[in-house]
Amino acid sequence: MKINVTDRAGNQRLLECEEGDRLMDVLAEVDLVEATCGGECSCATCQVYVAPEWLQRLPERGELEAELLDELLNSNEQSRLACQINLDTALAGLTVTIANAE
Amino acid sequence: MSGAEPVVIVGGGQAAAQLVGSLRSHGYVGGITLINAESRLPYHRPPLSKKYLLGEMPTDKLLIRKPEYYERMEVRPVLGTAVASIQRAERQVVLDDGQAIDYAHLVLATGGRALTLIGTAGRMAGVHHLRSIADADALRSAIFPGCRVVLVGGGYIGLEVAASLRKLGCEVTVLEMQNRVLARSVAEPIAEVLMDCHARNGGRIHCGRGVQSIHGDSSVSSVTTTDGDEIPADLLVVGVGMAPNSELAEAAGLECNNGIRVDANCRTSDPEIFAIGDVACRPTTLGCLRLESVDNAIQTANIAAAGIVGAADPEATAPWFWSDQYDSKLQMVGLAPPDARWHVRANGRADKLSCFYLEGGRVVAAQCLNAGGDFMVAKRLVAAGTAICPERLTDTGLALRDL
């Protein structure tokens with residue numbers, strides 16, 4: 001399946017992924033996010049802005065994820081941590097923009 | 001791709017993987033050869049004591065990048081082969097199989113190996129360490145419900161593994177020589193809350209005690225502690241620190257002392273040879289240290305890449321670290337001396353607190369337990385070197401972000 005990603009330079013990319021992939025891994029594989037902590041919800045370098053039409057279709061933010069996002073200077077209501085988003089076929093076409101890391 | 005300025009990387013961990021991406025993102029077009037003694041591409045180590053040990057993650061998900069990444073980056077991986085020597089005059093490394101590989105720039109990212117208890121190496125079954133996937137697989141295969149595990153060392157390995165094994169139904173006992181766990185690195189108020197967390201989950205921690213002797217025939221059956229107690233043990237997990245893999249560098253005449261000595265640019269005593277990651281002993285605010293962390297592996301790799309391509313040094317950032325034990329998360333930024341005075345910000349829950357260390361009125365280090373929001377702010381405070389009154393830091397009536 002494919003997802004639509006706008007990188008930090010503003011370039012739009014169509015990325016291949018599979019059911020069960022974490023969004024973070026798909027982005028890290030092409031060096032679009034640092035993903036320093038490897039998905040252990042500790043570094044917040046994998047912040048993405050999810051397109052509004054997709055935001056409601058994702059499960060809610062986790063408590064720890066929310067705590068980290070709330071303190072990022074560049075986060076907003078569309079912010080999610082990519083390490084907390086598991087891709088399944090219902091998310092084919094998911095559209096995100098990668099946030100700058102602090 | 002030109003091989004005129006080849007880079008050879010010895011090692012295959014986090015630092016090695018980061019160096020590959022960092023070099024190519026600088027537009028480096030020279031050949032890159034990655035030589036790893038382990039027969040694997042670089043993988044994440046933090047999950048080995050947690051998700052992977054719990055069986056919640058397949059092995060292939062541990063890879064930092066998939067095999068195709070190294071093809072796209074035009075890296076030649078040489079796996080399962082050790083480097084036998086560095087021939088500095090010829091600018092070559094010689095492999096175990098006799099093959100010689102030329103380098104213009106050599107980067108040593110050889111990491112470290114788990115220290116063993118004297119007299120136990122290979123002699124008795126049931127004695128485990130944790131550094132590699134093989135170690136984690138061996139430990140996972142050895143445990144059974146109700147098995148009694150003694151963990152030697154109350155550092156990050158001992159505590160994280162104890163938490164995971166407890167979740168898997170083992171009886172766990174941690175033996176720590178110091179009077180508290182994480183004595184080298186963590187503020188006392190936080191260490192105490194972590195010990196409570198372990199106790200609440202049924203894990204035992206004995207401080208001020210080490211292992212005097214290990215008993216068993218072909219397999220471990222008990223240990224005697226330094227204060228004379230005999231504790232039955234089906235398994236031992238030894239987490240007493242790591243020795244840097246600096247032998248290759250030493251044999252080549254590079255300056256070594258607690259790892260491979262490097263300057264602020266990660267260059268060794270030979271300017272064409274860099275050392276990065278766990279093996280590199282580098283200048284820090286607390287003197288020359290080896291910082292054993294993912295962040296350090298990444299930062300040093302980026303510094304070396306900049307040096308190789310002749311780009312400006314990356315902005316220096318304060319080292320940071322995290323540890324997950326049960327459902328507690330510890331996040332730390334900056335370095336504090338062992339006798340640091342910590343200012344404590346209590347967050348309303350007994351298991352949620354943040355500790356700050358100041359020098360010259362500025363926050364130099366912070367440690368946050370179950371306080372991810374505080375940690376994000378603390379990282380900014382440390383980076384900015386903001387002058388702050390400790391009374392305001394600990395005043396929970398003030399939001400940290402407003403300081």
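The structure we're discussing is the one just above.
Notes on the structure in this doc start here. Numbers given for residues are sequential positions, taken from 1 along each chain in its written order. Here chains are named by letter from A upward and ligands by number from 1 upward, in the order in which they appear as written. The predicted nature of this model means local features are confined to residues of pLDDT at least 70 and side-chain atom pairs, given and counted, to a pLDDT of 80 or more, with totals for whole chains, interfaces and linings taken over all residues.

Attention now moves to the overall build of chain A. Strands are runs of DSSP state E lasting at least two residues, helices are runs of H or I lasting at least four, and both sets are numbered from the N terminus onward. In terms of helices and strands, chain A carries three helices and five strands. Written out in order from the N terminus, the α and β elements of chain A read β-β-α-β-α-α-β-β. For this measure, only C-alpha atoms enter the radius of gyration; the expected value for a globule follows 2.2 Å times N^0.38, where N is the number of residues. Against the 2.2 N^0.38 benchmark of 13 Å for 102 residues, chain A shows a C-alpha radius of gyration of 12 Å, consistent with a compact globule. The burial label depends on the number of other C-beta atoms within 10 Å of a residue's C-beta. Counts of 20 or more mean buried, 12 or fewer mean exposed, and intermediate counts mean partly exposed, with C-beta atoms placed from the backbone. With 102 residues in all, chain A has 45% of them scored as buried. A fraction of 62% describes how many contacts in chain A between residues 6 or more apart in sequence connect residues 24 or more apart. Any two residues are considered in contact once their C-beta atoms, placed from the backbone, lie within 7 Å.

Each helix and strand in chain B was counted, giving nine helices and 26 strands. Taken over the C-alpha trace, chain B has a radius of gyration of 22 Å; the compact-globule value for 403 residues is 22 Å, and the two agree within 12%. Taking all 403 residues of chain B together, the buried fraction comes to 47%. Taking all contacts inside chain B whose residues are at least 6 apart in sequence as the whole, residues at least 24 apart take part in 62%.

Residues and elements named next belong to chain B. The residue Asp263 is located in the loop between strand 18 (260-261) and strand 19 (273-275) in this model. Note on Asp263: 14 C-beta atoms within 10 Å, which makes it partly exposed. Along the primary structure Asp263 and Cys281 are separated by 18 residues, whereas in three dimensions their C-alpha atoms are 8.5 Å apart.

Before going further, it helps to examine the sheet that holds strand 15 (residues 230-232) of chain B. Residues and elements named next belong to chain B. DSSP calls a pair of strands paired once it identifies at least 2 bridges connecting them. Reading across the sheet, the three strands line up as 13-14-15 and stay open at both edges, with antiparallel pairing between neighbours. The open sheet has two edge strands, strand 13 (211-216) and strand 15, and neither has a second partner. Across this sheet, the average inter-strand angle for adjacent strands is 25 degrees, counted without regard to direction. As judged from the three bridges shared by strand 14 (residues 220-225) and strand 15, these two strands associate in the antiparallel manner. Along strand 15, the bridge assignment pairs Val223 with Ile231. Only the contacting stretch of a helix is used when fitting its axis, a line to C-alpha atoms as for every element, and angles between N-to-C directions run 0 to 180 degrees.

All names here are of chain B. Because side chains alternate across strand 1 (residues 7-10), one face comprises the buried residues Val7 and Ile9, and the other comprises Val8 and Val10, equally buried. By the bridge criterion, four bridges tie strand 1 to strand 7 (residues 105-108) in an arrangement that is parallel. Opposite Ile9, over in strand 7, you have Val107 as the bridge partner. Where strand 1 meets strand 2 (residues 32-36), four bridges bridge the pair, whose relative direction is parallel. Residue Ile9 lies in a different strand from strand 2, and its bridge partner there is Leu34. With helix 1 (residues 14-25) bridging strand 1 and the parallel strand 2, this β-α-β connection has right-handed handedness. Assignment of crossover handedness uses the view with strands pointing away from the viewer, where a clockwise path from the first strand over the helix to the second indicates a right-handed crossover.

What follows concerns the interface of chain B and chain A. Each partner contributes residues to the interface: chain B has 20 residues there, and chain A has 14 residues. Put simply, the parts of the chain that give the side of chain B that touches chain A at least two residues each are helix 1, helix 7 (294-309), strand 22 (320-325), strand 23 (328-333) and helix 8 (372-384) of chain B. Sort the elements by how many residues they give to the side of chain B that touches chain A and helix 8 of chain B lands first, with four residues. Gly falls in the polar group here, along with every residue not listed as nonpolar (Ala, Val, Leu, Ile, Met, Phe, Trp, Tyr, Cys, Pro) or charged (Asp, Glu, Lys, Arg). Per-class residue counts for the side of chain B that touches chain A are eight nonpolar, six polar and six charged.

Moving on to helix 5 (residues 188-200) of chain B. Residue and element names in this part refer to chain B. A helix is expected to reach a length of 1.5 Å times the quantity of its residues less one. With 13 residues, helix 5 should reach 18 Å at 1.5 Å per residue; the first-to-last C-alpha distance of 18 Å fits that figure. Taken residue by residue, helix 5 has Ile190, Ala191, Leu194, Met195, Cys197 and His198 as its buried positions. Burial along helix 5 is one-sided: seen end-on, the buried residues are contained in an arc of 155 degrees. Seen from the open side of helix 5, the exposed residues pointing more than 90 degrees away from its buried face are Ala199 and Arg200. Elements that come into contact with the buried residues of helix 5 comprise helix 4 (156-167), strand 12 (204-207), strand 22, strand 23, strand 25 (353-359) and strand 26 (362-369). Here, the arc refers to the directions that run from the helix axis to the C-beta atoms.

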